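Below are the chains, spelled out letter by letter.
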Amino acid sequence: MMAFLKKYEGLWLFVHSPAAIIAAAVAMVIIFGAVFASGIALVDPYDLASFSLFDGLLPPVWQEGANPKYLLGTDDQGRDMISSILYGARVSLIIGLSALAIAAFLGVGLGLAAGYYGGRFDIIVMRIADVQLALPAILTALLIDGIARGLLPQSIQQDLRVAVLTLAIAMSLWVNFARTARASTFVEMNKEYVHAAIMMGQRPSRVMFVHILPNVLGPLLVIMTVDLASAILLEATLSFLGIGLPADSPSLGTLIRIGMQFLLSGEWWILWIPTIVLVALVVSINILGDFLRDIFNPRLR
Amino acid sequence: MVYFILKRIVQSVFVMAAVAFLAFSLFRFVGDPVTQMTGVETSVEDQERLRDELGLNDPFVYQFVRFTHEMVLGDFGFSYRTRQPVANMIADRIPATLELGVVALIISLMVGVPAGVYTALNSRGVMTQTILMTTLVGVSIPTFVIGIMLIFIFGVQLGWLPTFGRGGTVHIGNWQSSLFTIDGWRALLLPAITLGVYQLTLTMRLVRAEMMEVMRSDYIRFGMARGVPMRSLYYKHALKNTLVPVITIVGLQFGGVIAFSIVTESVFQWPGLGLLFLESIRFVDIPVMGVYLVVIAFFFVLVNLVVDLLYVAIDPRLRIRDVHDGLPEKI
């Protein structure tokens, strides 16, 4: 009943928050475009035969010399900008979401176990989390990426780029989940329903995941939104630094890096359009995260 | 007091040892040092001899102790990529990053503290709302995008400032500085602002929160009741107490600033530690990666230690609490 009320109230608040509505709309448009990229996009940016150099460097339609076929212009290779961005957003979202899933799985699992068992296990997990927290996420991700480059044989490195990048991002984000899950679990451990479940002789894993987890889900959901934004940003930053994805499967960050070459020339759209899409995506996810936090924390209202 | 200082120093040594161990494991287990140092035509016997000479067949603990010992003496080994001593490479790059970080921090303080005080004292004004909104958007924009935007506006469109490199530098001993020429300052400005934006927002929000908290406290209300002028209350009584937590955060931030300079240095091609670290990752130059870690950790630990000591010097309450620190709890 409480959960239902909360949901209902959340919906009510959502309808009355223009910022949240706009943010949700922007995020939905980008996500929709990314999911159905292969249906919407004019050309396939990975398929060299589907575009031609003759269409290179065309400006967006509202500028002179544009080809109305390419609404937002083309890059130097003649790729349609919209198609590149849709596919780029798809790569960014896939990596961001998988990194988030791994981080959440690992972090929540460890956090629940640390809160449930306490004692030495808790101390070890939290010490690792402290060390990790002292390192900025970007440094952790770079480091893991560098180690992977050293450990993996040259031949399979290109194929594993996406996996390495995802893992590097996940490993720098799990701490938030672990800390939040642990703190909430500590509170729940003192409640009667948990005592009852333990006394009934249920397995620890069942108590953790079936009884405690649903009750600590609220704050974790907030972290999930905020961390999704972080994951997308981290991926974009790494790709921008040239550490992330290679140019033949560009994410939004790679597109921005390529666009940097046109910063000094007149072709502004190659740089700024992917940048605007990235910022719009991250800002709207952050606004939604803020909104969720307000819902789950009535004191802030 | 002495006990407190000793305790903190011991903790710092432990942290450094842990980081050194990480760097050592990187060096030892990620890729084979011998294959990195030798070419394809080196015979197996020669490789084995090199392995022996380098002491790579010694017991693990012994190797780690020697590694740490050499590091303390300032011998950081050789880079796989440039074949030069890592110590020299790092020493060449440190001034650029430190100057960038310190200037960024100063900018963030000089703007962040006044902005925080202003927004706390006029919490309902239009100006306050504008500042708060701007900073919210500023936080959401990734660092490299802020850098690109600044380059585009001030470098490309207006043509006021250079967009890459350090500009004119002056050698002072071994320290290559860009703080003594106008050209150097012009080159420093954009990267420092880029790096400082995030810290600025953080400082501003912290000062604002603290200031609002302090303004609600009893001694300020008592001061108001006594008819102490508001100006004196704001800037003498309240601000002083606000700044205590600010010092801690600024200290903790400094390590972050140095680490985040990786991105800024890449955008502006600023020849500092961050750029060196990126290059070393790209070329799997493990010794440089390891030493970078150790150097960053050293700055981190050093600044934190200084901040902790400063904190005790500033806040007398901590000194009193500290007296009981070594004694058993009173029941």
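Residues numbered from 1 in each chain as written. Chains lettered and ligands numbered in written order. Predicted model: local features only at pLDDT ≥ 70, side-chain atom pairs only at ≥ 80, totals over all residues. Heavy atoms only, no water.

> Hey, could you run me through the overall build of chain B in this one?
Check the secondary structure of chain B and you find 13 helices and two strands. Overall, the C-alpha framework of chain B stretches about 90 × 70 × 35 Å when taken along its three principal axes. The buried share among the 331 residues of chain B stands at 46%. When contacts within chain B are restricted to residue pairs at least 6 apart in sequence, long-range pairs at least 24 apart make up 71% of them. (Helix = DSSP H or I, 4+ residues; strand = E, 2+ residues; numbered from the N terminus. Buried < 20%, exposed > 50% of the residue type's maximum accessible area, 1.4 Å probe, protein only. Contact = heavy atoms within 4.5 Å.)

> How should I be thinking about the interface of chain B and chain A in this particular structure?
Quite often, the size of an interface is put as the accessible area lost when its parts meet. Counting residues at the interface gives 30 residues for chain B, matched by 31 residues for chain A. The contact between chain B and chain A buries some 2700 Å² in all, and 85% of this surface belongs to carbon and sulfur atoms. Counting across the chain B and chain A interface gives zero salt bridges. Inspection of the region where chain B meets chain A yields one residue pair in polar contact (both at pLDDT 80 or more). In terms of residue class, the side of chain B that touches chain A is built from 25 nonpolar, four polar and one charged. (Buried area = accessible area lost by both parts, 1.4 Å probe. Salt bridge = Lys/Arg side-chain N within 4 Å of Asp/Glu carboxyl O. Polar contact = N/O pair within 3.5 Å; in protein donor to acceptor, adjacent residues only side chain to side chain. Nonpolar A, V, L, I, M, F, W, Y, C, P; charged D, E, K, R; others polar.)

> I would appreciate a short explanation of the pattern of salt bridges in the present structure.
Two side chains with opposite charge may pair up if their charged atoms get near one another. Residues and elements named next belong to chain B. As enumerated under the stated definition, the model contains four salt bridges over all chains in all. A salt bridge links Arg93 to Glu279; the nearest nitrogen and oxygen atoms lie 3.8 Å apart. Within this pair, whereas Arg93 is found in helix α5 (residues 86–121), its partner Glu279 is found in helix α11 (residues 273–282), the two being separated by 186 residues in sequence. The class for Glu279 is partly exposed, based on a relative accessible area of 23%.

> Please clarify how the nonpolar core should be interpreted in this entry.
Taken as a class, soluble globular proteins show a tendency for nonpolar side chains to be buried jointly. Grouped together as the largest cluster of nonpolar side chains are 148 residues, with contacts concentrated most on Leu142, Ile169 and Leu241 of chain A together with Phe144 and Phe277 of chain B. Looking at which element gives the most residues to this core, the answer is helix α12 (residues 286–314) of chain B, with 15 residues. Setting aside residues up to four positions removed in sequence, Ile169 of chain A forms contacts with Ile95, Ala99, Ala231, Leu234, Glu235 and Leu238 of chain A. (Core = buried A, V, L, I, M, F, W, Y, C linked by side-chain atoms within 4.5 Å.)

> Looking at this structure, how should I read unusual backbone geometry?
Excluding glycine, most residues fall at negative phi; most peptide bonds, likewise, are trans. Positive phi, normally seen in glycine, also occurs at Gln269 of chain B, with a value near 50 degrees. Turning to its location among the elements, Gln269 of chain B is positioned in the loop between α10 (230–268) and α11.

> Hey, could you run me through the packing of aromatic side chains in this one?
The description of two aromatic rings rests on the distance between their centres and on the angle between their planes. All names here are of chain A. Within the structure shown, the criterion is met by six aromatic pairs over all chains. Between the aromatic rings of Phe32 and Phe36, the centroid separation amounts to 4.7 Å while the plane-to-plane angle is 50 degrees, which identifies the pairing as tilted. A relative accessible area of 51% places Phe32 in the exposed class. (Phe/Tyr/Trp six-rings, centres within 6.5 Å; stacked < 30°, edge-to-face > 60°.)

> I tried to follow the confidence of the model for chain B on my own but got confused; where do I start?
All names here are of chain B. Averaged over every residue, the pLDDT of chain B is 79; the share at 70 or more is 92%. Here residues 322–331 is modelled with pLDDT under 50, and outside its nearest four sequence neighbours on either side it reaches five contacts, counting other chains as well. Listed scores for the predicted complex are pTM 0.81 and ipTM 0.77. (pLDDT = per-residue confidence, 0-100.)

> Please explain helix α7 (residues 143–157) of chain B as it appears in this structure.
Structurally, the α-helix is built with 3.6 residues per turn, so residues lying three or four positions apart point the same way. The first and last C-alpha atoms of α7 of chain B sit 20 Å apart over 15 residues, in line with the 21 Å expected at 1.5 Å per residue. Buried residues in α7 of chain B make contact with α10 (217–240), α11 (252–260) and α12 (268–296) of chain A together with α6 (126–140), α8 (182–215) and α10 of chain B. Downstream of α7 of chain B by a residue or two, Gly159 of chain B has a phi angle that is positive, lying close to 65 degrees. (Expected span 1.5 Å × (residues − 1).)

> Please clarify how the packing of helix α4 (residues 81–117) of chain A against α12 of chain A should be interpreted in this entry.
Residues and elements named next belong to chain A. Contact geometry of α4 with α12 gives a least axis separation of 11 Å together with a crossing angle of 40 degrees. By the angle between their axes, α4 is oblique relative to α12. In the crossing of α4 with α12, the sense of the turn from one axis to the other is right-handed. Facing α4, whose interface residues are Met81, Ile85 and Leu93, α12 presents Trp269, Ile270, Ile273, Pro274, Val277 and Leu281. A breakdown of the residues in the contact of α4 with α12 according to their chemical character gives nine nonpolar, no polar and no charged. (Axes fitted to C-alpha atoms, helices over the stretch in contact; angles between N-to-C directions. Parallel < 35°, antiparallel > 145°, perpendicular 65-115°, else oblique. Left-handed = near helix turned anticlockwise from the far one by under 90°.)

> What is the right way to look at a nonpolar patch on the surface in this model?
Residues and elements named next belong to chain A. Side chains of Ile31, Phe32, Val35, Phe36 and Ile40 sit close together on the surface and give an oily, nonpolar patch of about 460 Å² of accessible area. Of the residues forming the nonpolar patch, the biggest block, three residues, is contributed by helix α2 (residues 18–35). Within the secondary structure, Phe36 is located in the loop between α2 and α3 (37–40). (Patch = residues over 30% accessible without salt bridge, like charges linked within 9 Å, V, L, I, M, F, W, Y side chains within 5 Å. Areas by Shrake-Rupley, 256 points an atom, 1.4 Å probe, with all protein chains shown as cover.)

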